[in-house]
Protein chains: 2
Amino acid sequence: MSPSLSTIGFDADDTLWQNEYYFRLTEEHFTTLLADHGEPHILSSRLLEAERRNLQLYGYGIKGFTLSMIETAIEVTEGRVPTAVIQRILAAGREMLSHPVETLPHARETLEKLSGRYRIVLITKGDLFDQERKLAQSGLGDLFDAVEIVSEKSPQTYDRLFTRHGEGPARSMMVGNSLKSDVVPAIEAGSWGVYVPHELTWAMEHADEPVTASRFKRLAHLGELADLVEAIDRS
Amino acid sequence: MSPSLSTIGFDADDTLWQNEYYFRLTEEHFTTLLADHGEPHILSSRLLEAERRNLQLYGYGIKGFTLSMIETAIEVTEGRVPTAVIQRILAAGREMLSHPVETLPHARETLEKLSGRYRIVLITKGDLFDQERKLAQSGLGDLFDAVEIVSEKSPQTYDRLFTRHGEGPARSMMVGNSLKSDVVPAIEAGSWGVYVPHELTWAMEHADEPVTASRFKRLAHLGELADLVEAIDRS
């Protein structure tokens with residue numbers, strides 16, 4: 001018999017609400033603005049290069065993405081990008097930052113089922129200011145016992161947070177759409193890692209499924225989570 | 001006799017390490033780059049306008065500041081800013097994000113004196129990613145019992161944090177260089193608010209000194225803090 005679960009951590013972007021979709025839309029807009037200077041896939045790959053290069057300085061989030069778009073626009077045009085295009089990139093970034101939050105199917109009902117029975121913790125990377133805005137707008141805030149916005153999701157991060165908000169990693173579960181950030185490091189910390197794929201996942205968040213790990217689970221969608229949790233707690 | 005202090009909160013930027021100075025240097029560089037398009041004080045005031053306008057979307061930090069500089073450069077030149085200037089603004093932002101951290105006089109010795117005797121909490125606004133970098137670089141990390149990076153410093157923020165990390169706001173003290181963010185809201189929450197002025201403080205952080213508040217104290221520098229704490233604990 002496993003020790004019962006005390007804490008369930010949820011990723012936010014593309015687990016509870018849409019996120020990557022807006023990045024892709026904005027990237028499409030970006031490639032359209034610069035269509036005279038390259039094929040869309042070339043422009044996208046130049047942009048990804050800039051994002052990778054800047055990740056150590058900018059971290060995650062829309063502001064860094066906007067700065068990387070501006071940098072790429074200057075690069076691919078060899079400095080001939082019209083300022084009107086830069087203004088449109090700035091405006092696209094502001095639109096992303098003010099876009100209404102769209103919660104994903106089953107997010108609310110699943111949190112409502114689990115809330116009160118487990119300690120429910122939102123664990124998300126990214127920009128503090130923007131994540132707090134999205135949480136407030138999502139209307140899901142009251143369903144969480146704690147919110148942790150972190151700069152990196154490592155095994156140490158999960159160990160620390162599941163100790164702070166429960167009985168430690170062995171009695172905790174992390175749920176998210178990123179194998180690399182949500183699932184693999186949580187399993188490494190000794191927790192359950194539950195992968196809920198999203199059709200869009202950022203290129204930098206890919207990793208192989210840890211299929212041989214006994215605490216790895218993959219669900220088709222969040223609506224299957226409550227049954228999984230119950231099955232684990234009865235085993 | 002007052003109840004003894006349990007927790008001391010410290011602001012970070014311009015309380016423990018230099019920050020505003022680098023913003024001012026970068027702003028000077030910005031006005032030099034655009035010298036053909038206006039007097040420095042006009043360019044600075046246009047930039048501050050952009051920062052104010054964007055604060056609700058960008059929050060605090062260097063990335064938002066960089067985006068506001070780019071926006072202002074386009075505006076004040078009526079779209080004629082050369083892309084080389086925008087590249088230099090981007091580079092200036094990256095330099096700020098990678099600048100070595102310079103701790104302020106008395107910061108380390110004061111934290112060493114108080115650490116272990118009180119719960120010491122870093123409470124800072126701004127960009128999560130950048131603040132974590134600065135804390136790591138400062139070498140002061142081990143002197144804190146907890147680090148809280150928040151999007152806004154309100155009386156509710158202090159009430160919540162001083163309850164989480166101690167015996168509540170009445171037995172806590174907040175120390176910082178911003179009357180508006182560090183001192184006034186902490187006093188409103190029922191804590192001690194200790195003002196340690198820095199010669200440079202951002203225009204948006206100004207407020208009047210709450211001179212009639214019994215729990216307001218003003219120090220010339222951080223080196224006076226340990227004696228103040230002792231005096232309060234003996235009173």
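Values in this document were obtained by computation on a predicted structure and should not be read as measured data. Residue numbering note: each chain is counted from 1, following its sequence as written. A letter from A marks each chain and a number from 1 marks each ligand, given out in the order of writing. Given that this is a predicted model, residues contribute local features only at a pLDDT of at least 70 and side-chain atom pairs are listed and counted only at 80 or more, while totals for whole chains, interfaces and linings are drawn from all residues.

Enquirer: Which parts of the structure should I look at to understand the interface of chain A and chain B?
Expert: Interfaces are often sized by the amount of accessible area the parts lose when they come together. The interface of chain A with chain B comprises 26 residues on the first partner and 26 residues on the second. Elements supplying a minimum of two residues to the side of chain A that touches chain B: α2 (40-58), α3 (62-76), α4 (83-98) and α6 (128-138) of chain A. Strands are runs of DSSP state E lasting at least 2 residues, helices are runs of H or I lasting at least 4, and numbering of each runs from the N terminus. Considering every element that reaches the side of chain A that touches chain B, the biggest residue donor is α4 of chain A, with nine residues. Considering only residue class, the side of chain A that touches chain B consists of 13 nonpolar, nine polar and four charged. The contact rule is simple: place each C-beta atom from the backbone, and if two of them lie within 7 Å, those residues are in contact. Three classes are used: nonpolar for Ala, Val, Leu, Ile, Met, Phe, Trp, Tyr, Cys and Pro, charged for Asp, Glu, Lys and Arg, and polar for all others, with Gly counted as polar.

Enquirer: Mind showing me how you'd approach the packing of α3 of chain A against helix α4 (residues 83-98) of chain B here?
Expert: Helix-helix packing is characterised by the crossing angle of the two axes and by the distance between the axes. A fitted line through C-alpha atoms represents every axis, and for helices the fit uses only the stretch in contact; the resulting angles, taken between N-to-C directions, go from 0 to 180 degrees. Interhelical geometry of α3 of chain A versus α4 of chain B gives an angle of 140 degrees and a closest axis separation of 10 Å. Handedness of the α3 of chain A/α4 of chain B crossing: left-handed. In this structure, α3 of chain A uses L67, I70, E71 and I74 of chain A to contact α4 of chain B, whose residues at the interface are T83, I86, Q87, L90 and G93 of chain B. Taken together, the residues that form the contact of α3 of chain A with α4 of chain B break down as five nonpolar, three polar and one charged. Crossings are assigned a handedness: left-handed for a near helix turned anticlockwise from the far helix by less than a right angle, right-handed for a clockwise turn.

Enquirer: Would you take a moment to explain the relation of the copies chain A and chain B for this structure?
Expert: One chain copy maps onto the other through a rotation about an axis and a shift parallel to that axis. What sets the superposition is a least-squares fit of C-alpha atoms, and only residues with pLDDT of at least 70 in both copies go into it. Relative to chain B, chain A is turned by 180 degrees and slid 0.0 Å along the rotation axis, the superposed coordinates differing by an RMSD of 0.0 Å. In short, the pair behaves as if placed about a two-fold rotation axis. Most of the interface of chain A is mirrored in chain B, where 100% of its interface residues are also at the interface.

Enquirer: Where do I start with the environment of L25 of chain A in this structure?
Expert: On the secondary structure map, L25 of chain A appears in helix α1 (residues 20-33). Distance from L25 of chain A to P3 of chain A, taken between C-alpha atoms, is 44 Å for residues 22 residues apart in sequence.

Enquirer: How do you make sense of the sheet that holds strand β3 (residues 146-150) of chain B when you look at a structure like this?
Expert: Within a sheet, each strand pairs with its neighbour through backbone hydrogen bonds, oriented either parallel or antiparallel. Residue and element names in this part refer to chain B. Strand pairing is assigned whenever DSSP identifies at least 2 bridges connecting the two strands. If you walk across this open sheet you meet the six strands as β3-β2-β1-β4-β5-β6, and the pairing is parallel. Looking at which strands have only one partner, the edges of the open sheet turn out to be β3 and β6 (216-218). Within this sheet the neighbouring strands show an average axis-to-axis angle of 20 degrees, counted without direction. Relative to β3, strand β2 (residues 119-125) runs parallel, the two sharing five bridges. Bridging from a neighbouring strand, V121 pairs with A146 of β3.

Enquirer: Before we go on, may I ask you to explain the pairing of strand β4 (residues 172-176) of chain B in this structure?
Expert: In summary, the side chains of a regular strand alternate between the two faces of the sheet. Residues and elements named next belong to chain B. Here a residue counts as buried when 20 or more other C-beta atoms fall within 10 Å of its C-beta, as exposed when 12 or fewer do, and as partly exposed in between; the C-beta atoms come from the backbone. For β4, the buried fraction is high: five of the five residues fall into the buried class. Side chains S172, M174 and G176 project from β4 onto one buried face, and the interleaved M173 and V175 project onto a second face that is buried too. The pairing of strand β1 (residues 7-10) with β4 spans four bridges and is classified as parallel. Paired with T7 across the bridge in β4 is S172. Of the strand pairs in this sheet, β4 and strand β5 (residues 192-195) are connected by four bridges, and their pairing is parallel. Looking across to β5, one finds that M173 is bridged to W192.

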